[in-house]
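# Chain and residue survey
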Amino acid sequence: MPARPVRIAPSLLAADFARLGEEARAAAAAGADWLHLDIMDGHFVPNISFGPVVVKALRQHASIPFDVHLMISPADPYIPAFAEAGADIISLHPEAGPHLHRSLQSIRALGKKAGVVLNPATPVSAVEHVLDLTDLILVMSVNPGFGGQAFLPSQLVKIATLRAMIDASGREIALQVDGGVTAETAPHCIEAGADVLVAGTAVFGKPDYAAAIAALRGQG
Ligand code: DX5
Ligand code: ZN
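No experiment lies behind these values; they were computed from the predicted model shown. (Residues numbered from 1 in each chain as written. Chains lettered and ligands numbered in written order. Predicted model: local features only at pLDDT ≥ 70, side-chain atom pairs only at ≥ 80, totals over all residues. Heavy atoms only, no water.)

## With respect to the UniProt feature "binding site: substrate" (unreviewed entry) in the chain
With numbering matched to this structure, UniProt assigns "binding site: substrate" (unreviewed entry) to S11, H69, G145, F146, G147, G148, D178, G179 and G180. The topology assignment puts G145 in the loop between β6 (136-140) and α6 (156-169). If we skip the residues at most four places from it in the chain, G145 touches M40, V45, N47 and M71. Among the structural elements, G179 can be located in the loop between β7 (174-178) and α7 (186-192). (UniProt positions renumbered as here; feature names shortened; annotations may be inferred. Helix = DSSP H or I, 4+ residues; strand = E, 2+ residues; numbered from the N terminus. Contact = heavy atoms within 4.5 Å.)

## A closer look at the coordination of the zinc ion (ligand 2)
Under perfect tetrahedral coordination by four donors, a metal shows angles of 109.5 degrees; under perfect octahedral coordination by six donors, it shows angles of 90 or 180 degrees. Protein-derived ligands of the zinc ion (ligand 2) are H36 (NE2), D38 (OD), H69 (ND1) and D178 (OD), with the metal-ligand distances lying across 2.0 to 2.3 Å. Here the zinc ion (ligand 2) is ringed by six donor atoms whose angles at the metal span 70 to 167°, and the overall shape comes out octahedral. Counting the intervening residues between successive donors of the zinc ion (ligand 2) yields the motif H-x1-D-x30-H-x108-D. Residue H36 is found in strand β2 (residues 35-40), and its partner D178 is found in strand β7; the two are separated by 142 residues along the sequence. By relative accessible area, H36 is classed as buried at 0%. (Donors = N, O, S within 2.8 Å, 3.2 Å for Na, K, Ca; no water. Tetrahedral: all angles 85-135°; square planar, octahedral: opposite > 155°, others 65-115°. Buried < 20%, exposed > 50% of the residue type's maximum accessible area, 1.4 Å probe, protein only.)

## Re unusual backbone geometry
The omega torsion across S73 and P74 is 0°, close enough to zero to call that bond cis. In this structure, P74 sits in the loop between β3 (66-71) and α3 (79-85).

## A closer look at the sheet that holds strand β4 (residues 89-92)
Across the sheet, which stays open at both edges, the eight strands sit in the order β1-β8-β7-β6-β5-β4-β3-β2 with parallel pairing between neighbours. Single-partner strands in this sheet number two, and they are β1 (7-10) and β2. Sheet twist, expressed as the average angle between the axes of neighbouring strands with direction ignored, equals 25°. Here strand β5 (residues 113-118) runs beside β6; their pairing, made up of four bridges, is parallel. Paired with L118 across the strands is V139, a residue of β6. The sheet contacts of helix α4 (residues 100-109) involve β4 and β5, and relative to β5 the element is tilted by about 145°. (Pairing = 2+ DSSP bridges. Axes fitted to C-alpha atoms, helices over the stretch in contact; angles between N-to-C directions.)

## Concerning the UniProt feature "active site" (unreviewed entry) in the chain
The feature "active site" (unreviewed entry), as annotated in UniProt, sits at D38 and D178 in this numbering. Spatially, the listed residues are clustered: although they cover 141 residues, their C-alpha atoms lie within 10.6 Å of one another. Structurally, D38 can be placed in strand β2. A polar side-chain atom of D38 sits 3.0 Å from a polar atom in the side chain of H36. Setting aside its immediate chain neighbours within four residues, D178 contacts H36, D38, H69, L138, V139, M140, S141, V142 and V198. Separated by 3.2 Å, the side chains of D178 and H36 make a polar contact. (Polar contact = N/O pair within 3.5 Å; in protein donor to acceptor, adjacent residues only side chain to side chain.)

What follows is the structure, encoded as structure tokens:
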């Protein structure tokens, strides 16, 4: 079987917040495939990051896809604002609202790709019956809210289960992993079947972003 291409999505959460534009530009120049934007509301997760105004301002600095990870509840009222701000992919957690199917429909109706995020304790069955509306499944390998946490190896079996589910569906669904992804943990994620790796600290915490991204691809 040919090796699956792996895309790297640096998370700006670990960047210098006083220089976000430059940091986005630097990540794109260093070979990032997507830019991962973590939106936190201090309610769904115990941290606050930034909102659609910042996403919109960043759009002038990088043309790579913007991968917006909503850790907010409710999420539905803010989907149009993030779509207008320039998000290409909008992902949300099933726990953020009572009607995941409708949320995914709203994202698709705005012409954006829709993602479902599974927390460490959330079972794969949460996404099983909405695969037809799903462009991306994100497996959280830490509890959401903070960068720099240790990778949870218990999530590798979930990645493998989802890889089998996606392949059996015949659909084009990206399988992303987020949290504690480093040059050491990345090979395990790829082996389990992930094809998009989010990395905050392992990119923005390093002096050479291009070398850090290459290392995540296993080219270090
Ligand atoms: C955590 C966020 C992650 C975070 C990852 O809630 O969803 O995207 O930025 O940071 P690292 O790569 O440092 O674990
Ligand atoms: Zn994230």
